[in-house]
Amino acid sequence: MAMTGFDPEVVNTAIGNVKNAYEQLINVLGTKMQSEFVGGMQDKWACTQAQRFFTESFKPAIDSVIQASNTTFESVVSSMNSAGQYWADQTESSYSPQSFTPISKQIDAGVIMENIGGVRGIDNDSASAVSDKLPGIAKEAEEALTSAQNAVQNSGFIGGNMQAALVNSLGTIKTKINETVTNITSESKSAIDQTIEAYGDTAGKIEQAFTIQG
């Protein structure tokens, strides 16, 4: 006979693991994307095309993924808490819900300048090296989501399809991250090509001007 029920201790542990995975994800999307990609381009790409890409494409895309992640993880934790409370009521046992506080993070595109010390353009080789970091950052985000999915699959609930539904909802964020990184990689390449066409390859001049200003 198939069993249904829950283990409150395992549920609490699982929610803790989900929250840890969430914190790792937001650290990747909100902090690493800012420091390694935006910050990495800050002294290598300065012009109108750069500002337009980061303000109109990159920032809205990453901010949207962060918001979607906040909404999804809040829903996952709420669903697990509600189910835990329901099963506790049905089995005349106890369950203590865990709180969830979304982490407010947004990309700061304002650090990208129209010019640095009068120099406009891009250091193509250095900028390409920064762009090459995007897939690795995306992979770290996916690994955090995989950890969350694993936590849900070992949530202590027995029977029903709740675990599968929560795993699938986390999977939609994985897909969104993949699509976002693919799109911004393509859009950044297009903007970089426009910059090179307009200003040429500055080969270190922007970084030098940035260093002098700093």
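The structure contained in this document is the topic of the report that follows. Every value quoted in this text rests on a predicted model; they were computed, and no experiment measured them.

Along the backbone of the protein there are six helices and four strands. In the protein, the succession of helices and strands from N to C terminus is β-α-β-α-β-α-α-β-α-α. For the protein, whose C-alpha radius of gyration is 22 Å, the value lies well above the compact-globule estimate of 17 Å for 214 residues. When its C-alpha atoms are laid out on the principal axes, the protein stretches across 70 × 30 × 20 Å. For the protein, the residues scored as buried account for 41% of the 214 residues in total. Taking the contacts inside the protein whose residues are at least 6 apart along the sequence as the reference set, 88% of them involve residues at least 24 apart. Total accessible area computed for the protein in this model is approximately 10,500 Å², and 48% of it derives from carbon and sulfur atoms. Side chains of the protein give 13 positive and 24 negative charges; the mean places of these two sets differ by 5 Å.

A few words on the packing of aromatic side chains. Taken as a whole and judged by the stated rule, the model has nine aromatic pairs. Seen from their ring centres, Phe-54 and Phe-58 are 5.5 Å apart, and the 65° between their planes marks the pair as edge-to-face. Residue Phe-54 and its partner Phe-58 are located together in helix H2 (residues 48–90), separated by four residues, close to a single helical turn. Of the residues examined, Phe-54 reaches a relative accessible area of 0% and is grouped as buried. One aromatic cluster is present, built from ring pairs that chain together Phe-37, Trp-45, Phe-53, Phe-54 and Phe-58.

Turning our attention to the packing of helix H1 (residues 8–41) against helix H3 (residues 124–131). For any two helices packed against each other, one specifies the inter-axial angle together with the distance between the axes. With their axes 9 Å apart at the nearest point, H1 and H3 run at an angle of 165° to one another. When the axis of H1 is compared with that of H3, the two are roughly antiparallel. Two packed elements cross with a definite hand, and for H1 against H3 that hand is left-handed. Listed contacts from H3 to Glu-36, Phe-37, Gly-40 and Met-41 of H1 are Ala-127, Val-130 and Ser-131. Broken down by class, the residue content of the contact of H1 with H3 amounts to four nonpolar, two polar and one charged.

Conventions used here
Residues numbered from 1 in each chain as written. Predicted model: local features only at pLDDT ≥ 70, side-chain atom pairs only at ≥ 80, totals over all residues. Heavy atoms only, no water. Helix = DSSP H or I, 4+ residues; strand = E, 2+ residues; numbered from the N terminus. Rg over C-alpha atoms; globule rule 2.2 N^0.38 Å. Buried < 20%, exposed > 50% of the residue type's maximum accessible area, 1.4 Å probe, protein only. Contact = heavy atoms within 4.5 Å. Areas by Shrake-Rupley, 256 points an atom, 1.4 Å probe, with all protein chains shown as cover. Lys, Arg positive; Asp, Glu negative; His and termini not counted. Charge placed at Lys NZ, Arg CZ, Asp CG, Glu CD. Phe/Tyr/Trp six-rings, centres within 6.5 Å; stacked < 30°, edge-to-face > 60°. Axes fitted to C-alpha atoms, helices over the stretch in contact; angles between N-to-C directions. Parallel < 35°, antiparallel > 145°, perpendicular 65-115°, else oblique. Left-handed = near helix turned anticlockwise from the far one by under 90°. Nonpolar A, V, L, I, M, F, W, Y, C, P; charged D, E, K, R; others polar.

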